[in-house]
Amino acid sequence: MYAIRPATEADVTFLVDVAATASHPDADFDRDQYAAWTRRMIEDLAGPSTTSVIEVNGRPAGRLRVARTAASIELCGIQLAPSIQNQGIGTAIIRALQEEAAARGVALDLGVERTNPNARRLYERLGFRKYAEDDREDKLRWRHDIWTSDVAGRYDDPGDRMFSTALLDATTARLAELAGTGRALEFAIGTGRVAVPLAERGVPVSGIELSPPMVEVLRTKTDESTIPVTIGDMAAVRVPGEFSLVYLVYNTISNLLTQEDQVACFRNAARHLSPGGRFVIELWVPELRRLPPGTPATVGIADPGYILLDTYDVLHQHVTSYHFTFTEGGTEARLERSPHRYIWPAELDLMAQLAGFTLESRHADWSGGEFTADSPSHVSVYRLP
Ligand SMILES: C[S@@+](CC[C@H](N)C(=O)[O-])C[C@H]1O[C@@H](n2cnc3c(N)ncnc32)[C@H](O)[C@@H]1O
C-alpha cells in the first residue's frame, strides 16, 4: 500500500511542497528556509532523526521524519499530500511505529499543535496520551502496556513451574531466613505469588508494583493491612519504613530497560534498607553462548502448548521475549511480547557496588545449589555494610 525510503537531495522540492500544502497552508511558510533545513537534515546522516519519503504506488506521496534513541522513538513529523489523505496511510505508518516501539520496549512520542484537534483525535484513538506541553504543542506518548487486566487475570497458573509448591516453599524459606526478624519489601510484587506465602510464614511484607491490575489480583488473596502495596516505579518510589530485606525475583530487574534505571533500582533498594540489610535478585543468565554470529534468537522453551523465543539486540543489550501459547487444537496461538535489558552477573555486581552493596552469596537456585558456568539462572544476595 505504501513504502518508505530515505530522502535524498533530489527530494527536497517535493518535501517542501508537501510540507507547504499539508502542514503550512498559511502564506508565511518560508520555502527557502524550509528547503535549507530539510537539506541539512538529509545530509546529517549521523544526526538524531531520519527524513524519509512516503511513496504510494511508487510515487512520492508524503514526508516522514523520525528520531530514534536508545530510550524512545519520536515521530517528529508526518505529512501526506492532500490527494493521499483519509485513506488510512497515516494511521498505518503510526501503527507500524507503535509495533517498532513495542518490540524495542520504548515509548513512541510526538507533539501535536493545539490548533489541530483532528490530528489530536486520531492520536488519541491510537492510544496516545498527553504527558507534557510547550507554548505551541501538547506532547503525546504511547507505550505498549504489558501488565494489563487480561494478562493479570491469567498470571496465576497453578500448572506453571513458577507456582509449584516445592519452588515457592524453597523461595520463601530462603527469603524468611534472609529477612531475619525484620520486614521485607518486594519490588514488583505482582499478584503476590511469593509475597503471600512469605507473609504466611510470619514475615511482614510490603510491595511496590507498577501495574494496578496485578495488584487487583493480589487483593483477591489478601488485604492492604496484611500486605500494603504502593503503586509506582521500583526504581524511584519510596515506601514508608525500614526493611531488613528487599527482594526482586523472577527476572524482573530486566523489565527496566536502561542501565541507568537498573542502577537506580539498586539505589532505591539501598534507600529502603537498614544497615546490614540485604537485596536479593533472581535473574536469568543471558544466553549469549547460544547465539552464534548471524543467529539473532534462541528458543528457550518448546513445549507442545507453549514456545518461548528470545530475540537478542546485542548492540543495545536488549532481549525481546515472544511467548506463543497455543489453543487447544494447536492451530492458533496467542502472542505476548515482553522487552528486557539483559545483565551479565558481573555487571549486576557492579551495579550493586555503585549503590553501596557487596555480594554476599550467589547460588544457582533457592535451595543453595552451586552456581557454575552452566547455570541458567542465579539467586544473588547483596548486603549493605
Ligand atoms: C514477571 S512479573 C513478577 C511478579 C512477581 N514478583 C512474581 O514473582 O510473580 C513482573 C512484574 O513487574 C512489574 N513491573 C515491571 N516494571 C516495574 C517497575 N518499573 N516498577 C514496579 N513494578 C514493575 C510488572 O507490572 C509485573 O507485575
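Computed from a predicted structure; not experimentally measured.

Draft legend 1. Looking closely at the overall build of the protein. Scanning the protein from terminus to terminus reveals ten helices and 18 strands. Within the span of the protein, comprising 385 residues, buried residues form 29% of the whole. A sequence separation of at least 24 residues applies to 57% of the contacts in the protein between residues at least 6 apart.

Draft legend 2. Region of interest: the pairing of strand β3 (residues 59-68). Looking at chain direction, strand β2 (residues 49-56) and β3 are connected through eight bridges and run antiparallel. Opposite Thr 50, over in β3, you have Val 66 as the bridge partner. What sits between the antiparallel neighbours β2 and β3 is a turn of two residues, in which Asn 57 has the positive phi angle 50 degrees. One ladder, built from seven bridges, connects β3 with strand β4 (residues 72-80); its direction is antiparallel. Counted as the bridge partner of Arg 68 is Ile 73 from β4. In textbook terms, the turn of a hairpin is the stretch between consecutive antiparallel strands, and for β3 and β4 this stretch comprises three residues.

Draft legend 3. Examining the site of the ligand more closely. Inspection of the region around the ligand gives 19 residues, with Ala 188, Gly 190, Arg 193, Leu 210 and Ser 211 positioned closest. Each residue belonging to the shell around the ligand can be placed in one class, and the counts come to twelve nonpolar, four polar and three charged.

Draft legend 4. Highlighting the nonpolar core. Ranked by size, the top nonpolar core spans 50 residues in total, and within it Ala 184, Phe 187, Leu 245, Val 246 and Phe 279 carry the most contacts. Once you skip the residues sitting within four places of it in the chain, Val 246 turns out to touch Leu 185, Phe 187, Ala 269, His 272, Leu 273 and Phe 279.

Draft legend 5. Region of interest: the packing of helix α9 (residues 259-272) against helix α10 (residues 345-354). Following both chains from N to C, one finds α9 and α10 inclined at 50 degrees, their axes separated by 8 Å at the closest point. For the element pair α9 / α10, the angle class is oblique. Crossing hand, α9 versus α10: right-handed. For the pair α9 and α10, the contacting residues are Gln 262, Val 263 and Phe 266 in the first and Met 351, Ala 352 and Leu 354 in the second. Per-class residue counts for the contact of α9 with α10 are five nonpolar, one polar and no charged.

Draft legend 6. Structural context of the sheet that holds strand β17 (residues 358-363). The seven strands are arranged β10-β9-β8-β11-β12-β18-β17 in an open sheet whose pairing can be described as mixed. Two strands close off the open sheet at either side, each with one partner strand: β10 (229-231) and β17. In this sheet, neighbouring strand axes are inclined to one another by 20 degrees on average, regardless of whether the strands run parallel or antiparallel. With respect to the sheet, helix α6 (residues 165-179) is in contact with β8 (184-187), β11 (243-248), β12 (273-284) and β18 (377-383), its orientation differing from that of β11 by roughly 150 degrees. Sheet strands touched by helix α8 (residues 212-219): β9 (205-209) and β10. Its angle to β10, the strand with the most contacts, is close to 160 degrees.

Draft legend 7. How the structure looks around the domain arrangement of the protein. Partitioning the protein into domains gives domain 1 (3-142) and domain 2 (149-286 + 343-383). Look at where the C-alpha atoms of domain 1 and domain 2 centre, and you get two points 42 Å apart.

Draft legend 8. Region of the structure containing unusual backbone geometry. You will see that Asn 86, though not glycine, has its phi angle at about 60 degrees, which is positive. Relative to the helices and strands, Asn 86 is located in the loop between β4 and α3 (89-104). With 10 C-beta atoms counted inside 10 Å, the residue Asn 86 sits in the exposed group. If you check the backbone angles, Tyr 250 has positive phi at about 55 degrees while not being a glycine. Its place among the elements puts Tyr 250 in the loop between β11 and α9.

Draft legend 9. Molecular detail of the environment of His 316. Looking at the element boundaries, His 316 is found in the loop between β14 (306-313) and β15 (318-326). It is 32 Å that separates the C-alpha atoms of His 316 and Gly 368, two residues lying 52 residues apart in sequence.

Draft legend 10. Looking closely at the pairing of β14. Here strand β13 (residues 297-303) pairs with β14 via six bridges, running antiparallel. If you follow Val 299 over to β14, its bridge partner there is Leu 309. In this structure, β14 lies alongside β15, joined through eight bridges in antiparallel fashion. For Tyr 312, the partnering residue across the bridge sits in β15 and is Val 319. Here β14 folds back onto β15, and the loop between the two strands holds four residues, one of which, Gln 317, carries a positive phi near 60 degrees.

Draft legend 11. Main features of the environment of His 323. Of note, His 323 is situated in strand β15. When the C-alpha positions of His 323 and Arg 334 are compared, they lie 7.9 Å apart, and in sequence the two are eleven residues distant.

Draft legend 12. Representation of the sheet that holds β15 in the model. Sheet architecture is open: four strands sit in the order β13-β14-β15-β16, paired in antiparallel fashion. The open sheet has two free edges, formed respectively by β13 and β16 (333-341), since each of these has just one partner strand. Sheet twist, expressed as the average angle between the axes of neighbouring strands with direction ignored, equals 15 degrees.

Draft legend 13. The environment of Pro 296, seen in detail. With respect to the element layout, Pro 296 can be found in the loop between β12 and β13. Along the sequence, Pro 296 and Tyr 312 sit 16 residues apart, while their C-alpha atoms lie 5.5 Å from each other. With residues near it in sequence (within four places) discarded, Pro 296 still touches Thr 311 and Tyr 312.

Criteria and cut-off values
Residues numbered from 1 in each chain as written. Predicted model: local features only at pLDDT ≥ 70, side-chain atom pairs only at ≥ 80, totals over all residues. Helix = DSSP H or I, 4+ residues; strand = E, 2+ residues; numbered from the N terminus. Buried ≥ 20, exposed ≤ 12 C-beta atoms within 10 Å, placed from the backbone. Contact = placed C-beta atoms within 7 Å. Pairing = 2+ DSSP bridges. Near = placed C-beta within 6 Å. Nonpolar A, V, L, I, M, F, W, Y, C, P; charged D, E, K, R; others polar. Core = buried A, V, L, I, M, F, W, Y, C linked by C-beta atoms within 7 Å. Axes fitted to C-alpha atoms, helices over the stretch in contact; angles between N-to-C directions. Parallel < 35°, antiparallel > 145°, perpendicular 65-115°, else oblique. Left-handed = near helix turned anticlockwise from the far one by under 90°. Domains from an automatic or database assignment.

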